[in-house]
Amino acid sequence: MIIYVRTIEKTFANPRNAAAGSLRQLNSRITASRPLVFNAYSLVRMEGGDVLPNTHHSRLQKLIDLGFLIDANARLAYGAEGCLRFYQHMLKNREQLDYDIDGVVYKIDSVIDQEKLGYTARGPRWAIVYKLPSEEEITTVKAIEFQVGRTGALTPVARLEPVNVGGVVVSNATLHNMDEVERKDVRAGDSVIVRRAGDVIPEIVGRTRGDEEQDKAHEAHPRLVMPVNCPVCGSSIERIEGEAVSRCTGGWLCIAQRKEALKHFISRKALNVDGFGEKLVEQLVDLELVKDAADLYQLTLAQLIGLERMAEKSANNVLMAIEKSKMTTLGRFLYALGIRNVGQATAQVLAERFGNLSALLAATEEELQNVDDVGPVTAHFICQFFSREVNRELLKRLQAAGIHWPEREAQLSKDSQDNSDGSEKKLSGEVIVLTGTLHELSRDEAKEKLQQLGAKVTSSVSKKTTLLIAGENAGSKLDKAEALGITVKNEDDLKILLGSN
């Protein structure tokens, strides 16, 4: 007798993961079997010299003419009132759509205006999302614990009875800080409303009310109290006047802070230690093989072999990546240190302005405030970080381990530029735009190298642009540069430009 067994596959939890997982399948037949639909949302260039329309809406119509699908709900709206009317329309009809949405995206229609507005480090300035209300569910708080972050911030996190919210099972939700806990008056045992803020981060909206039994049970549970000492390392907790966040003062001594600080230090936009995952960081810290960032550069093959998922080949790859990370830039190094309020952009501005670490270490708060993007609070955090002996010692050990970068003299004012080192200043005065795909460098790496040579790298083409570096599949920026008579070079030209540094 033959028994045929039919397997029933689980329903996908959410559309984003379903689409991504389908496209990543090694077996193309599985991908082909899934009903994925591609909707085009922008047209940036056409081969053959065809002139594109100068509005976003007209380009969408062009895509339809070419046989592409676009979202049938796309509309041309006029002014703020038109945008709000469209939002209300989508909010009303959200449940009738055959796909999930979490908001409406407004885009400037004029392509010329889009190029003038350009991009930030995170996205275009000419587009903005207006989120729809998030889906909400009710569950129970099992406990509230404190999580210690990279900067020592203690964040109350509610451990929940698992609940499906918008296709994702949520079992933890942030309560942000103690002011938020007190405002919402959430306690362990409460029945609460949960949503995913921006349809991403789980958060508690508040506790359910109106049920007398629930209210009595709520009053019977103790209020959450901020601990006097760090729950991880036992160091004292401090809260600076005017701040909502309480912080552990343990720094690198706190294992929780150490783990997060190391993950930040090796991240792609910092020292970029390829292949050094979060699990490996946690193992090294738990085994006390790494107590600060400098210890990473003392690791040996013998220490790595035998760790979870770490054979000889993997260990050698990690050591090679650590060695490669020693050659960096001052901007990346400053960002990697994890100084409060010093993000990637601020770190780069500090590197450009001071040129070398010695000049930055000697800077006063007043001098730091003269730097673009640095206010009184950030200046205080920078001086505070560099004034601590433990951090000074860490800097010495990192440099002694071989971490280095091109240095130059400090710029004494915003407009001054020291041209004493011709090799590093040969692109002074150049305004360069990068577009298209580069194969041997990432866009960020190319930008850093050009800035080291004195160039100003911007995101949009204008009359001030002196050079456009066009990679593969360059779009409308190339068309505009050619129309303005701006010099255009390719990736091979870029390698020659950087290679002669």
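Residues numbered from 1 in each chain as written. Predicted model: local features only at pLDDT ≥ 70, side-chain atom pairs only at ≥ 80, totals over all residues. Heavy atoms only, no water.

This paragraph deals with the overall build of the chain. Helices and strands together make up the secondary structure of the chain, namely 20 helices and 13 strands. Taking the principal axes of the C-alpha coordinates as reference, the chain spans close to 75 × 65 × 65 Å. Looking at the chain residue by residue over its 501 residues, the buried ones come to 40%. Carbon and sulfur atoms provide 51% of the accessible area of the chain, an area that totals close to 29,400 Å². Separation of charge centres in the chain, based on 64 positive and 69 negative side chains, amounts to 2 Å. (Helix = DSSP H or I, 4+ residues; strand = E, 2+ residues; numbered from the N terminus. Buried < 20%, exposed > 50% of the residue type's maximum accessible area, 1.4 Å probe, protein only. Areas by Shrake-Rupley, 256 points an atom, 1.4 Å probe, with all protein chains shown as cover. Lys, Arg positive; Asp, Glu negative; His and termini not counted. Charge placed at Lys NZ, Arg CZ, Asp CG, Glu CD.)

Ordered by their spatial adjacency, four strands build an open sheet running β11-β10-β12-β13, and the pairing between neighbours is parallel. A strand with exactly one partner marks an edge of an open sheet, and here the two such strands are β11 (456-458) and β13 (487-489). Strand-to-strand twist in this sheet, taken as the mean axis angle between neighbours without regard to direction, amounts to 30°. Note that strand β12 (residues 467-470) and β13 share three bridges and pair parallel. (Pairing = 2+ DSSP bridges. Axes fitted to C-alpha atoms, helices over the stretch in contact; angles between N-to-C directions.)

Now for a nonpolar patch on the surface. Among the surface-exposed residues, Phe38, Leu66 and Phe68 lie close enough to one another that they form a single nonpolar patch of about 310 Å² accessible area. Mapped onto the fold, Leu66 is located in the loop between α3 (56-65) and α4 (79-93). Using a relative accessible area of 43% as the deciding quantity, one classes Leu66 as partly exposed. (Patch = residues over 30% accessible without salt bridge, like charges linked within 9 Å, V, L, I, M, F, W, Y side chains within 5 Å. Salt bridge = Lys/Arg side-chain N within 4 Å of Asp/Glu carboxyl O.)

Looking now at the environment of Lys464. Turning to its location among the elements, Lys464 is positioned in the loop between β11 and β12. Overall, the relative accessible area of 68% leaves Lys464 in the exposed class. Separated by 99 residues in sequence, Lys464 and Glu365 have C-alpha atoms that sit 33 Å apart.

What follows is about the nonpolar core. Ranked by internal contacts, the top residues of the largest apolar core, which has 54 residues, are Phe265, Phe276, Leu350 and Leu398. Sorting the residues of this core by element identifies α8 (255-265), α9 (278-286), α11 (312-324), α12 (330-336), α13 (344-354), α14 (357-361), α16 (376-387) and α17 (389-400) as the ones contributing at least two each. Not counting the four nearest positions on each side in its chain, Phe276 is found in contact with Ile266, Val281, Leu284, Leu296, Leu299, Val318 and Ile322. Grouped together as the second largest cluster of nonpolar side chains are 15 residues, Ile432, Ala446, Leu467 and Ile469 included. (Core = buried A, V, L, I, M, F, W, Y, C linked by side-chain atoms within 4.5 Å. Contact = heavy atoms within 4.5 Å.)

Where α8 meets α9, the axes come as close as 10 Å, and the angle between the chain directions of the two elements is 140°. Taken together, α8 and α9 sit at an angle that is classed as oblique. When the axes of α8 and α9 are compared, the crossing they make is right-handed. The residues of α9 that touch α8, namely those facing Ile255, Arg258, Lys259, Leu262 and Lys263, are Glu278, Val281, Glu282, Val285 and Asp286. Residue composition of the contact of α8 with α9, grouped by class: four nonpolar, no polar and six charged. (Parallel < 35°, antiparallel > 145°, perpendicular 65-115°, else oblique. Left-handed = near helix turned anticlockwise from the far one by under 90°. Nonpolar A, V, L, I, M, F, W, Y, C, P; charged D, E, K, R; others polar.)

In the predicted model, the chain carries a mean pLDDT of 88, and the fraction of residues at 70 or more is 93%. Here residues 414-424 scores under 50 on pLDDT; set against residues more than four positions off or in separate chains, the count is 21 contacts. (pLDDT = per-residue confidence, 0-100.)

Next up on the list: the pairing of strand β10 (residues 431-435). Taken across its five residues, β10 has five buried, putting it largely inside the fold. On β10, burial covers both faces: Val431, Val433 and Thr435 on one face and Ile432 and Leu434 on the other are all buried. Where β10 lies against β11, three bridges are found, and the strand directions are parallel. Within β11, the residue paired with Val431 across the bridge is Lys456. Crossover β10 to β11 through helix α18 (residues 443-452) is right-handed. Pairing of β10 with β12 involves four bridges; the strand directions are parallel. Bridged to Ile432 within β12 is Leu467. (Right-handed = clockwise from strand over helix to strand, strands pointing away.)

What follows is about a negative patch on the surface. Together, Glu95, Asp100, Glu135 and Glu137 line one region of the surface with negative charge. Note that Glu95 resides in the loop between α4 and β1 (103-107).

On to the packing of α18 against helix α20 (residues 491-499), then. Taken N-terminus to C-terminus, the directions of α18 and α20 make an angle of 40°; their axes are 10 Å apart at the nearest point. Taken together, the axes of α18 and α20 lie oblique to each other. α18 and α20 meet at a crossing whose hand is left-handed. Residues Ala446, Lys449 and Leu450 of α18 form the contact with α20, whose participating residues are Leu494, Leu497 and Leu498.

Take Arg258: it is sitting in helix α8. One buried charge, Arg258, has no salt-bridge partner; the nearest side chain with opposite charge is Glu288, at 5.9 Å. Sequence-distant contacts of Arg258, that is, excluding residues within four places in its chain, are made with Trp252, Leu253, Val285, Val290 and Lys291.

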